[in-house]
Amino acid sequence: MTYQINHFINGQSYSDLNRTQNIYNPATGKIIGTVAMAEEQTVNKAVTSAKNAFPKWSAMPSTRRVRILFELRSLIEKNMNELASLISQEHGKTINDALGSIQRGIDALEFVCGIPFLVKGSYAENVATDVDSYTIRQPLGVCVGITPFNFPAMIPLWMFPMALACGNTFILKPSEKDPSCSIRLVELAKEAGLPDGVLNVIQGDKEAVDVLLRHPDVKAISFVGSTPIAEYIYQTGVSHGKRVQAFGGAKNHCIIMPDADLDQAVDALIGAAYGSAGERCMAISVAVAVGDDVADALIKKLKPKVENLKIGSGTLPETEMGPLITQQHLERVKSYVDLGIKEGAELIVDGRHFKCSENKEGFYLGGCLFDKVTSDMKIYQDEIFGPVLVMVRVPNFEAALALINEHEYGNGTSIFTHDGYTARTFASKVQVGMIGINVPIPVPVAYQTFGGWKRSLFGDIHMHSTDGMQFFTRIKTITQRWPKYMKTEAEFEIPTIK
Ligand code: NAD
């Protein structure tokens, strides 16, 4: 039996079934449902719903708003297992990985529950005689979140709770590949007491996104996805007068210095390169070995571990790595492995012929490992977004640092070393937004800022923490005078302090 996923507008499920798309279970390769794909009139309906809900929601004291979000937090926690199953079924990642990602979303929800303190403005008394000046932060209006397939709960939860806590109303456009989780989240938000129209979900693709990008009532867009789409969203949104932050793709390097604990580095590489089948923006996809001795030792330790990865359905407890998201993506990743061989890299582990014994039609790829990759190769330059780790050999730390700084992406990076000076120099000089030192995937916590540099982020304001609050509010400065006896004269000069 297959199911149907609809939109959620003004507190209700809404379907327009002119266009639909199949939803697959990547573990079995079977169609398990269909998703409605919004057309212009449905998107307009959602924007109107969010616009109508804005005056009342934005006028509600922030403490009351966050009480609803706090209740949502409890409901998500109660329903975590169900949400994790939905994620694993449509995305393919393991249940434990899905649970972890929901927890990171809950962390963001917990952070925004303190928003009444964060949105406070500042007050300066007597900036001139009897004149005070203060600032306030106000919501923007209707905000939009467009999210990728790889974190169907976590990334929406990074966006909409912050936007709502700040007093905005919201339209979420999740990935059409795994849309069910978004609907469970809005249902739980309604159960938590969120008024109708405050949070809406539009299912769909470019057709829906293009309407949102141009709609005059949409004030801000937060996007996470691949770099070409991020760039398009940023340019189109900004040219239509919207505030936009667009998080893009990545090619995250990990430097392994000769003084590093190699076993620790190998465990980190295995988890960060092959966890979630490499479909993470913080996955490590390039190991940068400093010196041939380090490279040879790493390859020797990595090879058996990659060959023996436990690959299968994400719902099985023993599985370490699930399938890729679609057959099309599987073919794309495989074609990069073919290309790597043609480019002259040495394929140490070839996962192209892996077949899952229980699910022969699932979108599985075995772990792949390349050695002797150079910076002119496409397998080094492009984001592959699959379980393919490439090793680049460099002679020293300076060459490793230069390699990372010359790459077009700058999302995350790590170094494994025991030398404090090297680690400190790395953190200071590397042109990347999020850094790990003896830590593989540096996804910062909810009260630190999240965001890449270079072509991994279009826009100036990061996600999370105070940056998130700044993105979803705008500031106003008020200067006031309340003298007992008001005697004024026209002044033709710029006002100065008297
Ligand atoms: P994607 O760019 O294909 O899709 C992202 C969103 O954009 C989806 O909602 C999709 O429906 C929509 N979209 C797709 N094509 C569009 C088009 N032509 N016009 C308008 N909208 C369009 O990304 P994906 O495959 O879902 O996700 C994987 C990518 O996301 C990877 O590149 C990964 O690195 C990136 N990502 C980045 C971060 C980060 O924080 N920087 C986090 C997670 C994922």
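Computed from a predicted model, the values in this text were never measured in an experiment.

### Topic: the layout of surface pockets
And then number 1: The computed volume of the largest pocket comes to approximately 940 Å³.
And then number 2: As for the largest pocket, its lining consists of 37 residues, of which Phe 149, Lys 177, Gly 225, Ser 226 and Ile 229 are closest to the centre.
And then number 3: Breaking the lining of the largest pocket down by element, the ones donating at least two residues are helix H8 (206-214), strand E11 (218-224), helix H9 (227-239) and helix H12 (327-343).
And then number 4: Looking at which element gives the most residues to the lining of the largest pocket, the answer is H9, with 5 residues.
And then number 5: Broken down by class, the residue content of the lining of the largest pocket amounts to 16 nonpolar, 12 polar and 9 charged.
And then number 6: Shared between two domains, the lining of the largest pocket takes at least three residues from each, and those domains are domain 1 (3-248 + 456-478) and domain 2 (252-437).

### Focus: the nonpolar core
And then number 1: Grouped together as the largest cluster of nonpolar side chains are 68 residues, with contacts concentrated most on Leu 72, Ile 76, Ile 102, Leu 164 and Phe 170.
And then number 2: Per-element tally for this core: the top contributor is helix H6 (residues 154-165), with 10 residues.
And then number 3: Inspection of this core shows a minimum of three residues originating in each of domain 1 (3-248 + 456-478) and domain 2 (252-437).
And then number 4: When residues no more than four places from it in sequence are discounted, the contact partners of Phe 170 are Cys 143, Val 144, Gly 145, Met 159, Phe 160, Ala 163, Leu 164, Val 198, Leu 199, Asn 200 and Phe 472.
And then number 5: Judged by nonpolar contacts, the second largest core, of 67 residues, contains Ala 272, Tyr 274, Ile 348 and Val 394.

### Structural notes on the site of the ligand
And then number 1: What surrounds the ligand is a group of 28 residues, the closest being Lys 173, Glu 176, Ser 226, Gly 248 and Glu 383.
And then number 2: Take Gly 225: an N or O atom from its main chain is 3.3 Å from an oxygen atom of the ligand.
And then number 3: Burial of the ligand by the surrounding chains reaches 89%, relative to a free accessible area of 850 Å².
And then number 4: The pocket occupied by the ligand, as judged from atoms lying within 2 Å of grid points, is the largest pocket.
And then number 5: Those elements that place two or more of their residues in the shell around the ligand are H8, E11 and H9.
And then number 6: Per-class residue counts for the shell around the ligand are 15 nonpolar, 9 polar and 4 charged.
And then number 7: Inspection of the shell around the ligand shows a minimum of three residues originating in each of domain 1 (3-248 + 456-478) and domain 2 (252-437).

### A word on the domain arrangement of the protein
And then number 1: Examined at the domain level, the protein breaks down into domain 1 (3-248 + 456-478) and domain 2 (252-437).
And then number 2: Each of domain 1 and domain 2 was reduced to a C-alpha centroid, and the two centroids are 31 Å apart.
And then number 3: On the domain 2 side, the residues contacting the 20 residues of domain 1 number 23 residues.
And then number 4: Of the roughly 1800 Å² buried between domain 1 and domain 2 on both sides combined, carbon and sulfur atoms contribute 59%.
And then number 5: Where domain 1 touches domain 2, the interface holds 1 salt bridge.
And then number 6: For the salt bridge of Asp 97 with Arg 280, the shortest nitrogen-to-oxygen distance reads 2.9 Å.
And then number 7: Taken together, the links from domain 1 to domain 2 amount to 8 residue pairs in polar contact (both at pLDDT 80 or more).
And then number 8: Among the secondary structure elements, those contributing two or more residues to the side of domain 1 that touches domain 2 are helix H3 (80-91) and helix H4 (95-112).
And then number 9: With 3 residues, H3 is the largest single contributor of residues to the side of domain 1 that touches domain 2.
And then number 10: Taken together, the residues of the side of domain 1 that touches domain 2 break down into 6 nonpolar, 9 polar and 5 charged.

Cut-offs used in this document
Residues numbered from 1 in each chain as written. Predicted model: local features only at pLDDT ≥ 70, side-chain atom pairs only at ≥ 80, totals over all residues. Heavy atoms only, no water. 1 Å grid on protein atoms, 1.4 Å probe; cavity = no way out; pocket = protein on both sides within 12 Å on 5 of 7 lines; lining within 4 Å. Points joined across faces, edges and corners; volume = space filled by probe spheres on them. Helix = DSSP H or I, 4+ residues; strand = E, 2+ residues; numbered from the N terminus. Nonpolar A, V, L, I, M, F, W, Y, C, P; charged D, E, K, R; others polar. Domains from an automatic or database assignment. Core = buried A, V, L, I, M, F, W, Y, C linked by side-chain atoms within 4.5 Å. Buried < 20%, exposed > 50% of the residue type's maximum accessible area, 1.4 Å probe, protein only. Contact = heavy atoms within 4.5 Å. Near = heavy atom within 4 Å. Polar contact = N/O pair within 3.5 Å; in protein donor to acceptor, adjacent residues only side chain to side chain. Areas by Shrake-Rupley, 256 points an atom, 1.4 Å probe, with all protein chains shown as cover. Sits in = over half its atoms within 2 Å of the grid points. Buried area = accessible area lost by both parts, 1.4 Å probe. Salt bridge = Lys/Arg side-chain N within 4 Å of Asp/Glu carboxyl O.

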